[in-house]
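Close look at the chain arrangement
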Amino acid sequence: MNDLSLLKEIPDPVAAQPAAPAPSPPRLPASPSPVRSHTRRWRMLALGLSLLWVAAHLTIYGLRGDLQRLPALYLSLQVGLPALLGALSLWAALAPGRLGLGLKVSALSALALLGPLTFWLLAAALPAPYPDSPPPSFWLSALLCMDITLAWAAAPLLLAALALRRAFPSAALWRSALVGAAVGLLCGAAINLHCARGTSSHLLVGHGLPIALATLLGGLVVSRWART
């Protein structure tokens, strides 16, 4: 009974049991990320529907009756340049930049202000192509064009908010404002093809103010969906 070597043959109950694995941290549900090709197709669809929307309304409302009399330079500055600035604004808003975070805020903010400001400066500086008889009511005529332009911009802004969900990881406010400016400038070019009023005051209020409002709506409303 004094031989204690038999104790070595008794298994250690603690050592025989494997150590319990450390609990893994809970997994958070992954945010769904759409496939890049699907996102690109949806954005192209939104762009196509927006252009179709504006073109259809312009067709329904009709082109201005003096279109053949307008100088080519006047048409280029009042229609071609706003459309070009709108395309540039949309490109700048969607440009990925060097790190995929978009362009610098300084460039985005400058472009967001440049488009509407250029439209206003041209409206104030360019003389009417020919003498224009004043409308019966300035404010009624201006508010009518403002209402039409904002109605044309409503659907493209909605489509942009849907197509650009979680698209802007940084500077979402300024990039969304650029999208709004692009929509406003496109509709501003379209209303210049419809309305024959050429006075600076009418162009500034009836045609230019909706562009600024579309830019603000883009920055304040579209950015809520575009933030990641």
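If you're wondering where the values come from, they're calculated on a predicted model, not measured in any experiment. (Residues numbered from 1 in each chain as written. Predicted model: local features only at pLDDT ≥ 70, side-chain atom pairs only at ≥ 80, totals over all residues. Heavy atoms only, no water.)

Remarks on the environment of Ala142
Mapped onto the secondary structure, Ala142 falls in helix H5 (residues 138-163). Classification of Ala142 as buried rests on a relative accessible area of 0%. Sequence separation between Ala142 and Leu204 is 62 residues, and the spatial gap between their C-alpha atoms is 8.9 Å. When residues no more than four places from it in sequence are discounted, the contact partners of Ala142 are His202, Val205 and Gly206. (Helix = DSSP H or I, 4+ residues; strand = E, 2+ residues; numbered from the N terminus. Buried < 20%, exposed > 50% of the residue type's maximum accessible area, 1.4 Å probe, protein only. Contact = heavy atoms within 4.5 Å.)

Points about unusual backbone geometry
In this model, Arg166 sits at a positive phi of 55 degrees, which is unusual for a non-glycine residue. Considering the arrangement of structural elements, one finds Arg166 in the loop between H5 and helix H6 (172-194). Backbone geometry places Ala171, a non-glycine residue, at a positive phi of 50 degrees. Counting through the fold element by element, Ala171 comes out in the loop between H5 and H6.

Comments concerning empty space enclosed by the protein
Using the criterion set out here, one finds one cavity of 30 Å³ or more in the structure. The space that makes up the largest cavity amounts to roughly 30 Å³. What lines the largest cavity is simply Leu85, Leu88, Ser89, Leu111, Leu114 and Gly115. Within the residue set of the lining of the largest cavity, elements represented by two or more residues are helix H3 (72-94) and helix H4 (105-125). (1 Å grid on protein atoms, 1.4 Å probe; cavity = no way out; pocket = protein on both sides within 12 Å on 5 of 7 lines; lining within 4 Å. Points joined across faces, edges and corners; volume = space filled by probe spheres on them.)

Describing the side chain of Ser50
Take Ser50: it is sitting in helix H2 (residues 36-61). Setting aside its immediate chain neighbours within four residues, Ser50 contacts Pro156 and Leu159.

So, the side chain of Ser109
By the secondary structure assignment, Ser109 is in helix H4. In this structure the side chain of Ser109 is engaged in a polar contact, spanning 3.0 Å, whose partner is the backbone oxygen of Ser106. (Polar contact = N/O pair within 3.5 Å; in protein donor to acceptor, adjacent residues only side chain to side chain.)

Description of the pattern of salt bridges
Tallied over the entire structure, the rule returns one salt bridge. In this structure, Arg64 engages Asp66 in a salt bridge whose closest nitrogen and oxygen atoms are separated by 2.7 Å. As far as burial versus exposure is concerned, Arg64 and Asp66 are alike and both buried. (Salt bridge = Lys/Arg side-chain N within 4 Å of Asp/Glu carboxyl O.)

Some thoughts on the packing of aromatic side chains
Here a ring pair, both rings aromatic, is described through the centre-centre distance and the interplanar angle of the planes. Per the counting criterion, the structure on display carries two aromatic pairs. Measuring from centroid to centroid gives 5.7 Å for Tyr61 and Trp152, while their planes differ by 75 degrees, and the two rings are edge-to-face. With Tyr61 in helix H2 and Trp152 in helix H5, the pair connects residues that are 91 residues apart, well separated along the chain. A residue is classified by how much of its surface remains accessible, and Tyr61, at 42% relative accessible area, is partly exposed. With a relative accessible area of 0%, Trp152 lands in the buried category. Considering the side-chain rings of Phe138 and Trp139, the 5.0 Å spacing of their centres and the 70 degrees angle between planes classify their relative orientation as edge-to-face. We classify Phe138 as partly exposed; its relative accessible area is 27%. (Phe/Tyr/Trp six-rings, centres within 6.5 Å; stacked < 30°, edge-to-face > 60°.)

Quick word on the nonpolar core
Trp152, Val183, Cys187 and Ile191 are the most contacted members of the largest nonpolar core, which totals 17 residues. Mapped by element, the contributors of at least two residues to this core are H2, H5 and H6. In this structure Val183 touches Ala153, Pro156 and Leu157, once residues within four positions along its chain are discounted. Grouped together as the second largest cluster of nonpolar side chains are 14 residues, Ala92, Leu111, Ala112 and Val179 included. (Core = buried A, V, L, I, M, F, W, Y, C linked by side-chain atoms within 4.5 Å.)

A word on the packing of H3 against H4
Relative orientation of the contacting elements H3 and H4 amounts to 170 degrees, with a least axis distance of 10 Å. Relative to H4, the element H3 is oriented roughly antiparallel. Seen from H3, the contacting residues are Leu77, Gln78, Leu81, Pro82, Leu85, Leu88, Ser89 and Ala92; seen from H4, they are Leu108, Leu111, Gly115, Thr118, Phe119 and Leu122. Residues that form the contact of H3 with H4 fall into these classes: 10 nonpolar, four polar and no charged. (Axes fitted to C-alpha atoms, helices over the stretch in contact; angles between N-to-C directions. Parallel < 35°, antiparallel > 145°, perpendicular 65-115°, else oblique. Nonpolar A, V, L, I, M, F, W, Y, C, P; charged D, E, K, R; others polar.)

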